[in-house]
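# Per-entry structural report
These are the residues of each chain, in order.
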Amino acid sequence: MKILLKIIALLALFILIGAVGVVYYVRNADYRSTIEEAVAEATGYDITIAGDLDVEFFPTLGITLSDVRLSNPGQRQELMSTSEVILRVNFRELFNERIVVEELLASDFHVNYYITADGNSIWQSDKLSEMVSEDGSESGGSSDFSELVIDRISINNTSIDYQDLSSGSRYQVANFNLDSRDTNINGRPFDIQLDFDFENDGMGEPVPMSLRSNVIVDLNQGNLNFNNLAFTVTPLLLQGEVSVANFNNNPQFSGNLAADPFSLPGLLQRLGM
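Basis of the calculations
- Residues numbered from 1 in each chain as written.
- Predicted model: local features only at pLDDT ≥ 70, side-chain atom pairs only at ≥ 80, totals over all residues.
- Heavy atoms only, no water.
- Helix = DSSP H or I, 4+ residues; strand = E, 2+ residues; numbered from the N terminus.
- Contact = heavy atoms within 4.5 Å.
- Patch = residues over 30% accessible without salt bridge, like charges linked within 9 Å, V, L, I, M, F, W, Y side chains within 5 Å.
- Areas by Shrake-Rupley, 256 points an atom, 1.4 Å probe, with all protein chains shown as cover.
- Salt bridge = Lys/Arg side-chain N within 4 Å of Asp/Glu carboxyl O.
- Lys, Arg positive; Asp, Glu negative; His and termini not counted.
- Charge placed at Lys NZ, Arg CZ, Asp CG, Glu CD.
- Buried < 20%, exposed > 50% of the residue type's maximum accessible area, 1.4 Å probe, protein only.
- Pairing = 2+ DSSP bridges.
- pLDDT = per-residue confidence, 0-100.
- Core = buried A, V, L, I, M, F, W, Y, C linked by side-chain atoms within 4.5 Å.
- Phe/Tyr/Trp six-rings, centres within 6.5 Å; stacked < 30°, edge-to-face > 60°.
- 1 Å grid on protein atoms, 1.4 Å probe; cavity = no way out; pocket = protein on both sides within 12 Å on 5 of 7 lines; lining within 4 Å.
- Points joined across faces, edges and corners; volume = space filled by probe spheres on them.
- Nonpolar A, V, L, I, M, F, W, Y, C, P; charged D, E, K, R; others polar.

## Notes on the environment of Q163
Within the secondary structure, Q163 sits in strand β7 (residues 147-164). Sequence spacing of Q163 and N112 is 51 residues, and the spatial spacing of their C-alpha atoms is 8.2 Å. The contact partners of Q163, leaving out residues within four places of it in the chain, are Y113, Y114, I115, S169 and R170.

## A short note on a negative patch on the surface
Side chains of D52, D54, E56 and E84 sit close together on the surface and give a patch of like negative charge. As for its placement among the helices and strands, E84 is situated in strand β4 (residues 78-89). For E84, a relative accessible area of 32% gives the class partly exposed.

## Let's talk about the pattern of salt bridges
Applying the stated criterion across every chain yields a total of six salt bridges. Put simply, R152 and E103 hold a salt bridge, and the shortest N to O gap is 3.2 Å. Taken together, the residues R152 in strand β7 and E103 in strand β5 (residues 98-107) connect sequence positions 49 residues apart. Overall, the relative accessible area of 27% leaves R152 in the partly exposed class. Between D161 and R170 there is a salt bridge; the shortest N-O distance is 2.8 Å. Judged by its relative accessible area of 16%, D161 is buried. Through salt bridges that share partners, D67, R69 and E78 make up one connected network.

## Here we look at the pairing of strand β3 (residues 61-71)
In terms of residue burial, β3 counts as a mostly covered element, since eight of its 11 residues are buried. Sheet topology note: the strand β1 (residues 46-49)/β3 ladder contains four bridges and is antiparallel. For I49, the partnering residue across the bridge sits in β3 and is V68. Examined bridge by bridge, β3 and β4 share 10 bridges and lie antiparallel to one another. The residue of β4 that forms the bridge with V68 is T82.

## Here's the deal with the environment of I150
Take I150: it is sitting in strand β7. Relative accessible area serves as the criterion here: at 3%, I150 is assigned to the buried category. Here the alpha-carbon distance between I150 and V101, two residues 49 residues apart in the chain, equals 4.5 Å.

## Here we look at unusual backbone geometry
Residues other than glycine seldom take positive phi values, yet N175 does so here, at roughly 55 degrees. For N175, the position within the fold is in strand β8 (residues 169-184). With a relative accessible area of 39%, N175 lands in the partly exposed category. One non-glycine residue, D182, lies in the positive phi region at around 55 degrees. Turning to its location among the elements, D182 is positioned in strand β8. Overall, the relative accessible area of 32% leaves D182 in the partly exposed class.

## A look at the confidence of the model for the chain
Should the pLDDT be low somewhere, the predicted coordinates at that spot are not to be read in detail. When pLDDT is averaged along the chain, the result is 78, and 72% of the positions lie at 70 or above. Note that pLDDT drops below 50 for residues 132-145; the model gives that stretch 24 contacts with residues more than four away or on any other chain.

## Some thoughts on the nonpolar core
Core analysis: the biggest nonpolar cluster contains 54 residues, and L70 and W123 have the highest contact counts within it. For this core, the leading source of residues is β7, giving six residues.

## Observations regarding the packing of aromatic side chains
Evaluation of the coordinates by the stated rule reveals five aromatic pairs. Arranged with centres 5.7 Å apart and planes meeting at 45 degrees, the rings of Y162 and Y171 form a pair that is tilted. Classification of Y162 as buried rests on a relative accessible area of 8%. Its relative accessible area of 16% is what places Y171 among the buried residues. One aromatic cluster in this structure is built from Y113, Y162, Y171 and F198.

## Here's the deal with the side chain of T158
Relative to the helices and strands, T158 resides in strand β7. T158 gets classed as buried once you look at its relative accessible area, which sits at 1%. The contacts of T158, once residues within four sequence positions are left out, are F109, V173, A174, N175 and F176.

## Points about empty space enclosed by the protein
The full count for this structure, using the stated rule, is two cavities of 30 Å³ or more. The volume enclosed by the second largest cavity comes to roughly 30 Å³. If you trace the second largest cavity, you find it lined by D54, E56, G62, I63, T64, I86, L87 and R88. Among the elements of the structure, β2 (53-56), β3 and β4 are those that each provide at least two residues to the lining of the second largest cavity. Split by residue class, the lining of the second largest cavity holds three nonpolar, two polar and three charged.

Printed below as a string of structure tokens:
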């Protein structure tokens, strides 16, 4: 479950980066360089738009980016890449200090989550750390926009490589597909569904997994709740609720999950655990 939460966090981070880029690019006609500068200023990361960049202004404000790559200066590995990202934003809501993304569509993502032998992640960024204060609230240097809402998220054919040299663990995720509606970070419930193939280093075959849940994310309070959760690790089905409190600092996990206990030993052996 911890690995799954990190995967979701990575995708959420890219969503935030895209939203920040849109807010800044409408203020400048040099779209490509403005997006790159905005992402660097907000996160400390370098974003490279190697392919085409198309902009629409009617009926909604929209950007289509091709061959996008994200990196952390000083790190040899790329953080993330995607063949295409389509982002459509409700322009009128920007004047109400709300970021309302009508659609975020992406395909062929690849994410690297790499931790060195001394425990440092290639995703570590001083800029991002400054965006959130120690108590989990937004810092004074954060955006003036009060709310982020994404009407529809659709991410297809994503792969994730997770490697931790400090613990000697490695995991791969392939065929990751995510669909979510009315996604927000302000404590309102929304539905999410995802499926993927999970492989632990040394396993014989990948294990299909899926998750369906009603989710509540409260960024200011640092709380995350999965309600009406159905988590399938073929053929095992886990159902119930999972909560993460204070995820900004010292996460505390709680929940109530029910499963068929007779299927657990075979499943753990299949996962290489």
